[in-house]
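Chain by chain, the residues run as shown.
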Amino acid sequence: MPAGGADQLGKQLVGGGAVLVYAFVVSGIIGLVVNKVMGFRIHEDHEISGIDLVIHAETAYDLHATSGGRSGTSFLDTLTRRDDNE
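On a predicted model such as this, the values are computed, not experimentally measured, just so you know.

Attention now moves to the overall build of the protein chain. A tally of helices and strands in the protein chain yields four helices and zero strands. Counted from the first residue to the last, the protein chain has its helices and strands arranged as α-α-α-α. A burial count over the protein chain gives 2% of its 86 residues as buried.

Glancing now at the pattern of salt bridges. In this structure the tally under the stated criterion is two salt bridges. The shortest N-O distance in the salt bridge between D7 and K11 comes to 3.5 Å. Taken as a pair, D7 and K11 lie in helix α1 (residues 5-37) at a separation of four residues, close to a single helical turn. When sorted by exposure, D7 lands in the same class as K11, which is exposed. Residues R41 and E47 are paired through a salt bridge, measuring 2.8 Å at the closest nitrogen-oxygen approach.

The subject of this paragraph is α1. Every α-helix winds through 3.6 residues per turn, so residues three or four apart in the chain are directed the same way. End to end, α1 covers 48 Å across 33 residues, agreeing with the expected 48 Å (1.5 Å per residue, within 8%). One or two steps after α1, the chain reaches G39, where phi turns positive at roughly 80°.

On average, the protein chain scores 79 in pLDDT, and the residues at 70 or more come to 69%. Mean pLDDT in the protein chain bottoms out at helix α4 (residues 75-80), which sits at 61, and peaks at α1, which reaches 96.

For the rest of this paragraph, the subject is a nonpolar patch on the surface. Together, V21, F24, V25, I29, V33, V37 and M38 make up a nonpolar patch on the protein surface, roughly 770 Å² of accessible area in all. Among the structural elements, M38 can be located in the loop between α1 and α2 (44-49).

A few words now on the environment of V54. Among the secondary structure elements, V54 is positioned in helix α3 (residues 51-56). Beyond its immediate stretch of four places on either side in the chain, V54 contacts H46 and S49.

Rules of the game
- Residues numbered from 1 in each chain as written.
- Predicted model: local features only at pLDDT ≥ 70, side-chain atom pairs only at ≥ 80, totals over all residues.
- Heavy atoms only, no water.
- Helix = DSSP H or I, 4+ residues; strand = E, 2+ residues; numbered from the N terminus.
- Buried < 20%, exposed > 50% of the residue type's maximum accessible area, 1.4 Å probe, protein only.
- Salt bridge = Lys/Arg side-chain N within 4 Å of Asp/Glu carboxyl O.
- Expected span 1.5 Å × (residues − 1).
- pLDDT = per-residue confidence, 0-100.
- Patch = residues over 30% accessible without salt bridge, like charges linked within 9 Å, V, L, I, M, F, W, Y side chains within 5 Å.
- Areas by Shrake-Rupley, 256 points an atom, 1.4 Å probe, with all protein chains shown as cover.
- Contact = heavy atoms within 4.5 Å.

Here it is as structure tokens:
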């Protein structure tokens, strides 16, 4: 017979369910507090223009850069370049 049996499994299910409910409720409370204090979203104009540029004054992905790569080509060129042997 397995160690613990059905009684142990029932206790573990109840414990797991209690942790799940607790985590959900506490996360919801934290989310409500954060939303009231500072909000989850930034201004719509900033979303459209790009959050990285507005908040950090830089872009996350510069696909048109011509320097910084090993071969001197941009990331976009690397993705779209075809092999000469094809």
